[in-house]
Amino acid sequence: MKLAAGGWLGSYQLVAPLGAGASATVWRARDGRGAEVALKLLALGEQPELANRFVREAELLAQVDRHPNVLRVHSAGQAGPYLYLACELAAGGTLSDRLREGPLEPAAARELVRALAAGLAHVHAAGIVHRDLKPDNVLFTERGPALADFGLARPLDRSSLTATGAVIGTPAFMSPEQAQGRPADERSDVYALGAVLYACLTGQPPHQAPSLLALLNEITNADPTPPRRLRPEVPRDLEQACLRALRRDPAGRYASAEELHEA
């Protein structure tokens, strides 16, 4: 079944492609009432593990989407040869889009990460760890910034879908424990949100290296350059909050997203 603008997939009419990842595609679509949604699609019959993750994402997102700073899901299911996840349309794009124009003003960065920390605290209260927070997964909806893409998320009280020792997440924003293949918990998400704040303040992730191996080594063994050295106008208290969230030892970070929100 070929996807094309104007065609129908179940009760959704496809309008235009919005993007594509390694496994799924996202379309702007309209439901039967004419309301626009973002329709995430995964073709069936390729890799069962991808289908399992897709279904898990739908299940977990449905548990946490009743918060203004978490992307809202409308429906999920199967239509023809595709699994689909219909979410609210983020017409404002991603945080990555905005950071291509340079770092945010410190006050804007503070308010953005405060909002995201509130959403993350809601996710953690539901017993879920995101494991892949990054600027690509921060979307701007009519209601404000929202956490999105729960494809790597998992319940805190259940074993991972991945093998022990596997490196899970996006390297530039993952915590040291994830870089070492160790389990992630709430403090791992706190680290990743600290890395998002760092990118908002400086225009770059906290660690950069010429290769994946070198990057993982930097994350595990080095501290990031303090934001004020790169951008002196960053308030000292905001720098301190950012650097505490980015401590390599999870015990030294904020213990929860709520603590980061308050800081």
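Preceding block: the structure.
Residues numbered from 1 in each chain as written. Predicted model: local features only at pLDDT ≥ 70, side-chain atom pairs only at ≥ 80, totals over all residues. Heavy atoms only, no water.

Asks: Would you mind showing me how to read the overall build of the chain here?
Replies: When helices and strands are counted, the chain shows nine helices and 10 strands. Along the first, second and third principal axes, the C-alpha atoms of the chain reach 50 × 40 × 35 Å. Within the chain, the fraction of its 263 residues that count as buried is 51%. Long-range contacts, defined as pairs at least 24 residues apart, comprise 61% of the intrachain contacts of the chain with a sequence gap of at least 6. Looking at the chain as shown, the accessible area adds up to about 12100 Å², and 50% of this sits on carbon and sulfur atoms. Across the chain, the 28 positively charged side chains and the 30 negatively charged ones have centroids separated by 1 Å. (Helix = DSSP H or I, 4+ residues; strand = E, 2+ residues; numbered from the N terminus. Buried < 20%, exposed > 50% of the residue type's maximum accessible area, 1.4 Å probe, protein only. Contact = heavy atoms within 4.5 Å. Areas by Shrake-Rupley, 256 points an atom, 1.4 Å probe, with all protein chains shown as cover. Lys, Arg positive; Asp, Glu negative; His and termini not counted. Charge placed at Lys NZ, Arg CZ, Asp CG, Glu CD.)

Asks: Sorry, what's going on with the packing of helix H5 (residues 186-202) against helix H8 (residues 236-245) here?
Replies: Helix packing geometry: the angle between the two helix axes and the distance between the axes. Interhelical geometry of H5 versus H8 gives an angle of 140° and a closest axis separation of 7 Å. Our classification of the angle between H5 and H8 gives oblique. Read as a crossing pair, H5 and H8 show a hand that is left-handed. Contacts between H5 and H8 involve Val-190, Tyr-191, Gly-194, Leu-197, Tyr-198 and Leu-201 from the first element and Leu-238, Cys-242 and Ala-245 from the second. For the contact of H5 with H8, the residue count by class is eight nonpolar, one polar and no charged. (Axes fitted to C-alpha atoms, helices over the stretch in contact; angles between N-to-C directions. Parallel < 35°, antiparallel > 145°, perpendicular 65-115°, else oblique. Left-handed = near helix turned anticlockwise from the far one by under 90°. Nonpolar A, V, L, I, M, F, W, Y, C, P; charged D, E, K, R; others polar.)

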